[in-house]
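Structure at a glance
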Amino acid sequence: MSSEGAEPDNSTIRIGDVTLSLDEAQETLNAIRAGKVDAVVVEGTAGSEIFAFRDPSHPFRLLVEAMNEGAVLTTPDGTISYQNPCFTKLAGAARPDRGLHDVVRPEQRDDLRALLERVRNGPARGNVELIGAAGGLVPVQLSMSRASLADVEVLCVVVADLTEQTRQEELYREARMEIVARDRLFSVVAHELRNPLGVLAFKADQLAALFGSTAEGGVPLPVETAATLLTRMRAQIERIGDLVTKLLDVGSIGSGRMRLEREDLDLAELTRAVVERLREQIDRSKSSVSLDLDAVRGRWDRIRIEQVIENLVSNAVKYGQGEPIRVLVRGNDDVARLTVEDRGRGIPEEARERIFRPYERLAQADNLPGLGIGLFITAEIVKAHDGFIRVVPRQGGGSRFVVELPRADPLLH
Ligand code: ADP
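Please read all numbers here as calculations on a predicted model, not as lab measurements. (Residues numbered from 1 in each chain as written. Predicted model: local features only at pLDDT ≥ 70, side-chain atom pairs only at ≥ 80, totals over all residues. Heavy atoms only, no water.)

Taken together, 20 residues lie near the ligand, and Asn315, Tyr319, Asp342, Arg361 and Leu375 sit nearest. Between Leu362 and the ligand, the recorded distance is 3.0 Å, taken from a backbone N or O atom to an oxygen atom. Note that an oxygen atom of the ligand is positioned 2.8 Å from one of the backbone N or O atoms of Leu375. Across the complex, the protein chains shield 98% of the 530 Å² of accessible surface that the ligand would expose by itself. If you list the elements that add at least two residues to the shell around the ligand, you get α10 (302–319), α11 (374–384) and β14 (399–406). Per-element accounting of the shell around the ligand gives the leading share, three residues, to α10. (Near = heavy atom within 4 Å. Polar contact = N/O pair within 3.5 Å; in protein donor to acceptor, adjacent residues only side chain to side chain. Areas by Shrake-Rupley, 256 points an atom, 1.4 Å probe, with all protein chains shown as cover. Helix = DSSP H or I, 4+ residues; strand = E, 2+ residues; numbered from the N terminus.)

Time to look at the confidence of the model for the protein chain. In the predicted model, the protein chain carries a mean pLDDT of 87, and the fraction of residues at 70 or more is 94%. Below a pLDDT of 50 lies the segment residues 1–5, which in the model reaches zero contacts outside its immediate sequence neighbourhood of four places, other chains included. (pLDDT = per-residue confidence, 0-100. Contact = heavy atoms within 4.5 Å.)

Leu312, Leu338, Ile355 and Phe401 are the most contacted members of the largest nonpolar core, which has 51 residues in total. In terms of residue count, α10 provides more of this core than any other element does, seven residues in total. (Core = buried A, V, L, I, M, F, W, Y, C linked by side-chain atoms within 4.5 Å. Buried < 20%, exposed > 50% of the residue type's maximum accessible area, 1.4 Å probe, protein only.)

Its place among the elements puts Pro139 in strand β6 (residues 137–149). Residue classification places Pro139 among the buried positions, given a relative accessible area of 16%. In this structure, the C-alpha to C-alpha distance between Pro139 and Glu174, residues 35 residues apart in sequence, is 18 Å.

Here the focus is the environment of Ile305. Relative to the assigned elements, Ile305 resides in helix α10. Assessed through its relative accessible area of 2%, Ile305 is described here as buried. Considering only alpha carbons, one finds Ile305 and His385, 80 residues apart in sequence, at a separation of 9.3 Å. With sequence-adjacent residues up to four places away left out, Ile305 is seen in contact with Leu267, Leu270, Trp300, His385 and Leu405.

As enumerated under the stated definition, the model contains one aromatic pair in all. Ring geometry for Phe356 against Phe401: centres 6.3 Å apart, planes inclined by 80°, an arrangement best described as edge-to-face. On the criterion of sequence distance, the pair formed by Phe356 in the loop between β12 (335–341) and α11 and Phe401 in strand β14 is long-range, its members being 45 residues apart. We classify Phe401 as buried; its relative accessible area is 6%. (Phe/Tyr/Trp six-rings, centres within 6.5 Å; stacked < 30°, edge-to-face > 60°.)

As structure tokens, then:
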């Protein structure tokens, strides 16, 4: 230690140097920590070496790794050499030698090939579905351009997930279809109402004329004639009422309001009663209806299940071309099964699902009355009972509608 005023000795000078270089080192470290130093030059035995703290490509890499779109580098034939985390999320982890064709839906591999071909002439885009990381299909847009990396030709592919856009487009398409269907419904409803109203007006005129001539001292109106006219008028009123009920049903199903009032019922009994009610329509059609009914009890909504039976039997009568119709009820411990079978024109395979959608009618039904909502309502009722309905072709022609209803009320278990 030096005393005040004394000359500094050598050791004091050395300590001062060390403190100075320590300060310098500390300052350098702080600058590095603060990101103010890009590189340091170190003199080594092999001469000066530069150690870079910042890779000049770092920001681009960060961008590609953090971006919310898939990014892939491939060889010109589509073999993936790099994929960013977003692409991994879309199509699963990288695997050696995996190509774009491995992640594109097999049916669309030709589309991918065409896209790889097109990108030879300049940037190209195309929409495909990827086999998603979770196994489902993911609609994407592939946007490709060529580049060269250290003289090797590569493809840069940006992969935009179109799931949300596709969903929006689907919703829009459905909404448009619904509008078209509703417009069609208005004209069909008007047409369907005009017929019974026309008959009703005609019968009312007839009745008025007969009453008129009676009042003017003509032949008194025979009671039977009046009764016949009134019965016919009543039938037309029922037709209109039926139509209005169906329209109200569609409205209430659309707003999710179908409530069931379950009670203990026998499906065979209900079926027999409904067929009896349709007797006049059946007789007019020339079709015979044979019943093969086992008693099967369950807890169902009487009015709704009657609607199901009525819709299926009256369709069999309407579309059954006057050929025999068979109605079966069977059951086991768990379910009751209703089968309605006709020998009419049947339903082509492509239409077997869509006839259960609202307003769907097949071209062959064009000259027969109907709104195309009966089967929709039927299917909704069956669904509300936790059952299911399907249509299968009948051997030898015609169709067979099968309804299965759980016998118990699931809410009671
Ligand atoms: P609607 O009979 O009022 O047209 P539905 O919803 O009951 O409406 O039936 C939808 C369509 O399904 C009908 O228009 C018809 O084309 C077809 N369809 C229904 N039942 C049968 C059947 N038993 N045989 C052939 N086609 C049928």
